[in-house]
Amino acid sequence: FRQKVRLILLRLRGCGWCGSVIRVRDARNRIVAERDLSDTADCGACREFKLAVLRTGRVFYVEEENASPLSVRASMSLDFETASEWVEEQLLPSTHAQDFEFFVIANQSYLAVANFRDPEPCYGSIACVNPRGSIPLVADTALPYNTDSFIYRHNGSSFELYQSIPTRGAVDWEHFMLSSRHHLCVANSFDAEHSSSSTASVVYVWNGTVFRELQRLQTDGARSCKYFESSGRHYLLLANSYNGAASSLESAVYVWDGSKFAFG
């Protein structure tokens, strides 16, 4: 089916935006749009920007938080305009999807979907997880978190399933280029087979046809995987969230040694 979604564009003009955070609230005081300009360097600069707001009502409130004593902005004008309609293009099968990562390889568009768990009817029951910790469950027991995540490829008119990758409570995909090769990292958060949030997050590399596993990195309830470069070196950050006993954990930064990511 195709569903039309109406947006309102709030166009703001003014000078002296440094230190400002602009928020738009609806009639129920919910924040429906936000623009953080707190890092604006030129306090005297004049600029215009737009905020897109889902039209859920007729009343909106615009507020400004300004923590900088250097701001010299004296005025702000506000216009409303109706944005073009967004039309649903395609429905993609997923199971409790947590993240979508878009990337391009050889002029072809791909979309990686992180599926968190299967919609098993026993979810929430002790039958779905292993109460014995490190002892694996029997093969015929449902393991809702140990499910495939999907990579879709655009065929010119729509996305179609291209590759399935086994994941364990996947919550985040990260695509990056390293040594002129395409890589993906998935943050896995829960291993249902061992009823444990301590599980490996995985780095994959493109072999010209599909993504193949390159390396496993031990994580505890991983929530995010981010790649970055600094001073010519390549890093991978994995954010840990829970180890089964505590949620105040150190996250890990790995550095590329030429063939794999090494801790520190």
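Since the structure is predicted, the reported quantities are computational estimates derived from the model, not experimental observations. Numbers given for residues are sequential positions, taken from 1 along each chain in its written order. Local features in a predicted model are, by the rule used here, given only for residues with pLDDT of at least 70; side-chain atom pairs are given and counted only at 80 or more, and totals for whole chains, interfaces and linings are based on all residues. To get the side-chain values, all heavy atoms of the structure are used, and hydrogens and water are removed first.

Overview of the state of the cysteines
- Count a disulfide wherever a pair of cysteine sulfur atoms falls within 2.5 Å. Tallied over the full model, the rule gives one disulfide.
- Paired by a disulfide, C185 and C225 hold their sulfur atoms 2.0 Å apart. Handedness here is read from the sign of the S-S torsion; for C185 and C225, about 110°, the answer is right-handed. Here the residue C185 occupies a position in strand β14 (residues 181–188), and C225 occupies one in strand β17 (residues 224–230), the gap between them amounting to 40 residues. One exposure class covers both C185 and C225, and it is buried. To qualify as a helix, a DSSP run of H or I must reach at least 4 residues; to qualify as a strand, a run of E must reach at least 2; elements of each kind are numbered from the N terminus. Relative accessible area decides the class of each residue, using a 1.4 Å probe on protein chains only: under 20% of the type maximum gives buried, over 50% gives exposed, and in between gives partly exposed.

Focus: the pattern of salt bridges
- By definition here, a salt bridge exists when the distance from a side-chain nitrogen of Lys or Arg to a carboxyl oxygen of Asp or Glu is within 4 Å. By the definition in use, this model includes four salt bridges.
- Here D191 ties to R168 by a salt bridge, and the two come within 2.4 Å at their closest N and O atoms. On the criterion of sequence distance, the pair formed by D191 in the loop between β14 and β15 (198–206) and R168 in strand β12 (residues 159–168) is long-range, its members being 23 residues apart.
- Given the relative accessible area of 6%, D191 is considered buried.
- A relative accessible area of 26% places R168 in the partly exposed class.
- K226 is the partner of E174 in a salt bridge, and the nearest nitrogen-oxygen pair spans 3.8 Å.

Considering the packing of aromatic side chains
- A pair of aromatic rings is counted whenever rings of Phe, Tyr or Trp (Trp by its six-membered ring) have centres within 6.5 Å, and the orientation is called stacked for planes under 30 degrees apart, edge-to-face for over 60 and tilted otherwise. If you walk through the whole model with that rule in mind, you get 15 aromatic pairs.
- Taking 5.5 Å as the distance between ring centres and 5° as the angle between the ring planes, the aromatic pair formed by F103 and Y110 counts as stacked.
- Overall, the relative accessible area of 3% leaves F103 in the buried class.
- Of the residues examined, Y110 reaches a relative accessible area of 1% and is grouped as buried.

Regarding the side chain of T199
- Summarising the element assignment, T199 is placed in strand β15.
- When its relative accessible area of 6% is taken as the criterion, T199 is described as buried.
- Aside from chain neighbours lying at most four places away, what touches T199 is R168, N188, S189, F190, D191, L217, Q218 and T219. In what follows, a contact means two residues having at least one pair of non-hydrogen atoms within 4.5 Å.

Looking at the pairing of strand β11 (residues 146–154)
- Judged from the four bridges that link them, strand β10 (residues 108–115) and β11 form a sheet pairing that is antiparallel. Looking across to β11, one finds that A112 is bridged to I151.
- Here, strands pair whenever DSSP counts at least two bridges between them. Alignment of β11 against β12, held across nine bridges, turns out to be antiparallel. The residue bridging H154 from the neighbouring strand is F159, located in β12.
- In sequence, β11 turns back onto β12 through a hairpin of four residues, with G156 there showing a positive phi of about 110°.

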